[in-house]
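Residues per chain are reported as follows:
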Amino acid sequence: MQREHSAFIGAVPSPQEYLYRAESHEGSMTINTTNNAVSAMISTFSLDGRGTCEFDGTLVNTDRDGWYESENPEDGIAILFMQNRAELPDFGNILCGAYGSMAGEYMARQ
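Residues numbered from 1 in each chain as written. Predicted model: local features only at pLDDT ≥ 70, side-chain atom pairs only at ≥ 80, totals over all residues. Heavy atoms only, no water.

Quick look at the sheet that holds strand E3 (residues 37-46)
Under the convention used in this document: A pair of strands is labelled paired if DSSP reports no fewer than 2 bridges between them. In this text, helices come from DSSP runs of H or I with a minimum length of four residues, and strands from runs of E with a minimum of two, each type numbered from the N-terminal end. Axis lines are fitted through C-alpha atoms, for helices just across the contact stretch, and the angle between N-to-C directions can take any value from 0 to 180 degrees.
Spatial ordering of the closed barrel is given by E1-E2-E3-E4-E5-E6-E7-E10, a layout of eight strands whose pairing is antiparallel. This sheet shows a mean twist of 30° between the axes of neighbouring strands, independent of strand direction. The pairing of E3 with strand E4 (residues 52-61) spans eight bridges and is classified as antiparallel. Residue Val38 lies in a different strand from E4, and its bridge partner there is Leu59.

This is the structure in structure tokens:
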């Protein structure tokens, strides 16, 4: 449990690129912060070439607990930022067609 709590240190998104790799997908998420606004550009694709997902928009801090959500609720994007990684849970509209998804773990580029 203590390890999980330490993962929340630095939960504020920092401007950097996160890399995503799942068994059947890969992609990236780029975070920018300017004027206290957090913007995200996410792009993933399935390795078989049958599906892609893209998101480009502003994120808002919901409860100062590491969760950020899209400024547009219809996007269904929620991201949990932790130290050196980010997680998109598998819900909402982040499934793009039958073979595309942005859900999963993103690791900060080292």
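Read on, since the account is not over.
Some details on the pattern of salt bridges
Selection rule: We define a salt bridge as a side-chain nitrogen of Lys or Arg found within 4 Å of a carboxyl oxygen belonging to Asp or Glu. Under the scheme applied here, a residue whose accessible area is under 20% of the maximum for its type counts as buried, over 50% as exposed, and between as partly exposed, the area being computed with a 1.4 Å probe on protein chains only.
Tallied over the entire structure, the rule returns three salt bridges. Here Arg109 makes a salt bridge to Glu17, at a shortest N to O gap of 2.8 Å. Of this pair, Arg109 sits in the segment after strand E10 (104-108) while Glu17 sits in strand E1 (residues 16-21), and the two are 92 residues apart along the sequence. Glu17 sits in the partly exposed class, given a relative accessible area of 26%. Here Glu105 ties to Arg85 by a salt bridge, and the two come within 2.8 Å at their closest N and O atoms. Taken together, the residues span a long stretch of sequence, with Glu105 in strand E10 and Arg85 in strand E7 (residues 85-88) at a distance of 20 residues. The partly exposed category is assigned to Glu105, whose relative accessible area is 36%.

These figures capture arrangement, not role.
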